[in-house]
Structure formats: C-alpha cells, structure tokens
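As a plain string of letters, each chain reads:
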Amino acid sequence: MRRIIVILLLLIYNFLNSQNFQRIHKQETHLTSYLSSSYGCTWVDIDNNNLPDIFITNGASQTNMLYYTHGIHQIMPYFHTALNILDLSSFAASWADYDNDGYTDLFVVNDEWHGVDLYHNLDGITFEIDQSNLFANTAGCFYGCAWGDYDNDGLIDLIITDWQQDSSNILLHNDSNGNFSYAYNGLTNDIDQMVCPTWIDYDDDGDIDMFIATDYFNHNILYENDGTGNFSRIYNNAIVNELEKSSTASWADYDNDGDFDLFVGTTGDENNNLYRNDGNGAFTEIYDLNVVNNGGYSRSSCWGDFDNNGFIDLYVANGYLSQNKNNFLYMNNGDGAFDRITQGSIVQDGGTSLGVSAADYDMDGDLDLFVVNGSGYCDQINFFYENISEPSHNWLKIKCEGTVSNRSAIGTKLYVYVTIRGKQQILSRYISSNSGRAAQNDLVVHFGLGNVNHVDSLVVKWPSGIHETINNPRINRLHRIVENSSDFTYIQKRNSVIISNIYNYPNPFNPTTMIFFELTQNSEVQLTIYNMLGQKITTLVDENLEAGQKQAAWNGTDREGKKVTSGIYFYELHVKDTDYTSTKKMILLK
C-alpha cells in the first residue's frame, strides 16, 4: 500500500509540474510557425523598454531573426538590413554593451566561410556592422562565443571558440572606444575541438576564469585567471577528468550553498555530468541523481527556477542529427535531488533541439522558455513555452547596471539571503553572456522565493570588486540597481495600472487619428508608432505628463514628415523607468 501511495504522489507531482508550461504559437509573427534550421536563441532587452527581445541564429544559409517584444504577449519580427543577412549559416550569438553606451550590442559567429560579425546597437533600433579589418578578416569554424571582462578594466572582452582540430581559440581584448585587439595568453594555446565557452569565477577569487566544453572525446578545459589577465590550464580537477563528446556547459548554485555548480551535457548516447562545487576551486562529480542517468544526445542546457520555489531547476535540449529527441526537465525539490518531469508538451514534443534560453517575456514573475530546432540538419519549427504556473510562489527580479564595471554587469554575482522551509538559504545567481551552448538567458536576474513574503537581504558583488547590500528588498517586483550609487529603483509591476482607457479614433482612419489615454499618476511617457516589421515610424510624445486624460494626433507621417503607406500600424505607450508598456493596433486606409 505504501508503495502504491508513493507512486500516486509521484504521478500527481509529475502531472502538476508538466502543467506549468503551455506551448504557445505565434503564427502571425512566424516565431513558432516558420520552418527553419535554427542553432541558437538569446534573450536580451535591445531597446531598453524592460521587455526581453529574442534573437535566433539559423544555419543552412538561412536568415537570422530578431523579434521585438513591444508589450505583454506582443512579439513582432524586426527586419533590419544589418541583422537579417542571407547565406550566413550562423551558429551562436552573444550580447553585451561593449562600448558602455547603454545599448546592448551583438556578436555572431558563423560557419567557416563567413567568419564573424559584430553589430553595434546605435539606438535600440538601428544596428551597424563593424567593418574593421580585425572582424572582417577573422575566419574559422567557430561554434561558440562569450563576452567577459577578464582583466576587470570595465570593458567587456570576447572569446571565440574554434571547432577545427588544428585551430586555437581567439581572444579579443577591448581597448575602449569600440576598438579591439588580439590577446595572446593561456586561453589561446590549445587546439582541442572547442564548442561551448563559459566565463565563471569558479574559485570566488574576484576574477573570471574560463571553462570550455570540448567535442570528440577530448578533455573539457578549465583555465584559471591569475588576477592579471593571464590564464593557466588546470589539469587536476574533477570537471576536466572525463573523455567525452561534450556539447554544453551551464553554471548554477543548485544546492543553495553560495557557490556555482556545473552541468555538462554530452552529444553521444552517454550520461550527462553534474559537478558540485565544494569551495576553494574543488568539485565532486555527482553520480546518483537522475540528472546524470538518463542518457542524452544533449546539445544545450538552461538553469532557472521555473516553479519559483527557491531552488533552481534544469532544462536540457536534446537532438541527434535529424532525429527527434524529447527534451529533459528536472525540477529541484530542495533536498539536493531532482524530479524528472516526463509528462506534458515541454518534454514530449520531440525535435532536433539545440539552443534553449529563459526569460520572463510576459513580465508575470516566472520564467518562460524558448527552444530552437533543426540545428543545421533539417527544417523544423521552434518551440515557445509560456510558464503558466499559479502565482502562489513569490519572486524577485534585478536589473544590474555597471558603472565602474562593464555596463551590462556581466560577471556580477548576486546573493539573496532568505529563510525557506524553516532553513536559511543563499540563492546565488551569476550574470552571464552564455547560459548554455548557442544560448543566452535574459540579463535580468530572476529569483524564485517560494511562499516567503520577506527577503532578509540582497548582496551584489560587481566585477570591479565593489560589494553592495540592500536590506529587505520588496518582493514580486523588478528592481534596477546601479553600481556604486544609491540608485536601487523599484520598477512598477506590470499589473499595477499606470495608463488606462487607451484607444484611438477613428480606426480605421484616413488621414488622421487621435490616440487617447489616461494617466493615473504623473509619469514620463513615450508614445511611439511602429509598422508591421517592428520599425519605428515616429515618436508622438516623449515628455513628463501630469495625471489625467491625454490625447495625441497622428497624421500618417514618419519622423521626417513623409506620408507612410496604407496598412497596419501599432502605437506603443511606455512609461519610462518602469516595465509598463501597452501596444495597440490601428489601420491606415488610403
């Protein structure tokens, strides 16, 4: 009888957790209906509206795709001549603000015929390709890239991993003013088939080290930073002992002890690997958890507290050539073990999956997942899973902005001290430009808090060495913290009404329509018009407004006063320094 009860409880638990995610379809934007051979996916807030946008890299000479998030559940494709280039066969991408101008820039690695591309984000809408000889002449069969400030000078540097057996990695040092130069140190000495680079301060000494997952039964590689920007390869460590076909590496503190543990996925039909960080740079390989006993063909991986219970979970994307494989979801139950979810679309859809990344795209406090398929072998649709968990668990999100450190705050470690289930917990997060192979989670840091309604403190350790503590931060909120300042800003939660009674009349219209809205409080408001491609047409309002009823006219012209063509347009109302955005559709007839 006891055994039957246990089995029933496990089945109920599995069913409930499988219902946390709902596969959604964005037919009108092609986000999940377009057949493509995709390699990677990255979430990032490109236009600083506090909503994560998504960029997808495609192989087989297909166009990469950028989708802007204009409002809740409103994702639109953006076709830009610089970003959407045919015949590239791009593998991986990584975002960071390399010139510290407040806009996040993009780096993309392509196949051996097309090298690399650096895209400078000029204003959140416009991108410019760096045409310098350094980037134009960089060639190789590159599978991975990652931004990280390895010398802690406040300027983000870049590593590019080369998969060819006779080629070494490329390390680019940021010389400021948008200039880079080749750097030669321990990171560029080896010629193993490098796949997935990850920057991490694994020994907690204040400088970032490098771990690289390698292919074709090579040892994975760990490089230790000596604090001066020079690296030494570490051979005597559990995380580099295995000879296997590794594909992905992801770091997270799964046991809430304040240091970062490592998951490594393998592409052969072998078990994956989990290494517990014991402190002082030492690791123990874990053999007795289901995370490492389910085989694999694993291509990418992603950590996130998907049920907001205060213990970080793991999602693993699987695929083998053009063969479909089911992906893995492991829910952390808080005692050092994981429960594998075997029911539901999120683990039963099957695909040749590669990149997987997480973000709270609908701003409801839980993490959603995007999975790309095809991976250069076949054309498939991608998967988008919305987290529809009941809001019974609390959460906290932090947006970090470096001033002494790099503006994107990559390399920053955050610690939440909280009591969960009667025990003091340290919830640890690390801001990274690479969360798994060909993937990058949103740079906004997310903490699940379980049922607690009080956080003791938040500690932020910046790459510069500056440490800041915020006592009793408000939960169920997105906050922004600016390094070395008193700026810890509460960003309004989305379901708090700031703008109401939003509509335009007439609709459809020709030639002019009036846009009406009502402010419930004094706010700095921006009212912008976009076309169907997500391109900005004009800005009607950009100023501080007092509370009350407002209106603005649009006469069907762009920012230069030229008449636009007939069709569908969108007007977006955004309250600055909050996450409040509302987008509505209107039709211009002629």
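It should be emphasised that the depicted structure is a prediction, and the values quoted were computed from it without experimental measurement. (Residues numbered from 1 in each chain as written. Predicted model: local features only at pLDDT ≥ 70, side-chain atom pairs only at ≥ 80, totals over all residues. Heavy atoms only, no water.)

*Asks:* Outline the nonpolar core, listing residues and values.
*Replies:* Ranked by internal contacts, the top residues of the largest apolar core, which has 83 residues, are F107, W147 and W199. Listed in part, the 22 residues of the second largest apolar core include L527, V541, Y571 and M586. (Core = buried A, V, L, I, M, F, W, Y, C linked by side-chain atoms within 4.5 Å. Buried < 20%, exposed > 50% of the residue type's maximum accessible area, 1.4 Å probe, protein only.)

*Asks:* So what's going on with the side chain of D209? Residues and values would help.
*Replies:* As for its position among the elements, D209 is in strand β15 (residues 209-214). The charged side chain of D209 is buried without a salt bridge, its nearest counter-charge being K413 at 8.2 Å. Of note is the side chain of D209, whose polar atom sits 3.4 Å from the backbone nitrogen of Y202. Here the side chain of D209 touches N225 through a polar contact of 2.7 Å, landing on its backbone nitrogen. Excluding residues within four positions of it along the chain, D209 makes contact with T198, W199, I200, D201, Y202, D203, Y223, E224, N225 and F231. (Helix = DSSP H or I, 4+ residues; strand = E, 2+ residues; numbered from the N terminus. Lys, Arg positive; Asp, Glu negative; His and termini not counted. Salt bridge = Lys/Arg side-chain N within 4 Å of Asp/Glu carboxyl O. Polar contact = N/O pair within 3.5 Å; in protein donor to acceptor, adjacent residues only side chain to side chain. Contact = heavy atoms within 4.5 Å.)

*Asks:* Residue-level account of the pattern of salt bridges, with values.
*Replies:* Throughout the structure, instances matching the rule amount to nine salt bridges. For K413, the salt bridge goes to D204, with nearest N and O atoms at 2.6 Å. With a gap of 209 residues between them, K413 in strand β32 (residues 413-420) and D204 in the loop between β14 (194-200) and β15 connect regions that are remote in the sequence. Residues participating in the shared-partner salt-bridge network are D201, D204 and K413.

*Asks:* Account for the side chain of H479, with residues named and values stated.
*Replies:* Examined against the element boundaries, H479 turns out to sit in strand β38 (residues 478-482). There is a polar contact of 2.8 Å between the side chain of H479 and the backbone oxygen of R474.

*Asks:* How would you sum up unusual backbone geometry? Please name residues and give values.
*Replies:* A cis geometry characterises the amide bond from N507 onward to P508, with omega recorded as 5°. N510 connects to P511 through a cis peptide bond whose omega is 0°. Tracing the sequence through the fold places P511 in the loop between β40 (499-505) and β41 (513-519). Backbone geometry places N256, a non-glycine residue, at a positive phi of 50°. Positive phi values are uncommon outside glycine, yet A438 reaches one of about 55°. Exposure remark for A438: the relative accessible area of 9% places this residue in the buried category.

*Asks:* So what's going on with the state of the cysteines? Which residues, and what values?
*Replies:* Should the sulfur atoms of two cysteines be covalently bonded, the bond is a disulfide. Here the structure, examined in full by the defined rule, presents zero disulfides. In this structure C196 is not part of a disulfide, and its nearest cysteine sulfur, from C145, lies 10.0 Å away. Taking the relative accessible area as the measure of exposure, C196 reaches 1% and is therefore buried. Of the cysteine sulfurs around C302, a residue in no disulfide, the closest is that of C41, at 8.5 Å. For C302, a relative accessible area of 0% gives the class buried. (Disulfide = S-S within 2.5 Å.)

*Asks:* I'd like a rundown of the pairing of strand β28 (residues 353-359), residues and numbers included.
*Replies:* Taking burial as the measure, the seven residues of β28 include seven buried ones, the bulk of the element. In this structure, β28 lies alongside strand β29 (residues 368-373), joined through five bridges in antiparallel fashion. Note on β29: the bridge partner recorded for S353 is N373. (Pairing = 2+ DSSP bridges.)

*Asks:* Can you lay out the environment of I431 for me, pointing to particular residues and giving the numbers?
*Replies:* Relative to the elements of secondary structure, I431 occurs in the loop between β33 (423-430) and β34 (439-440). Judged by relative accessible area, I431 falls into the buried class, the value being 3%. In sequence terms I431 and V44 are 387 residues apart; their C-alpha atoms lie 12 Å from each other.

*Asks:* Tell me about the sheet that holds strand β10 (residues 142-148), and name the residues and values.
*Replies:* Pairing is antiparallel across the open sheet formed by four strands, whose spatial order is β10-β11-β12-β13. At either end of the open sheet lies a strand with only one pairing partner, and these are β10 and β13 (179-183). Strand-to-strand twist in this sheet, taken as the mean axis angle between neighbours without regard to direction, amounts to 25°. In this sheet, strand β12 (residues 170-176) lies alongside strand β11 (residues 157-162) in antiparallel orientation, the contact comprising three bridges. Counted as the bridge partner of L158 is L172 from β12. (Axes fitted to C-alpha atoms, helices over the stretch in contact; angles between N-to-C directions.)

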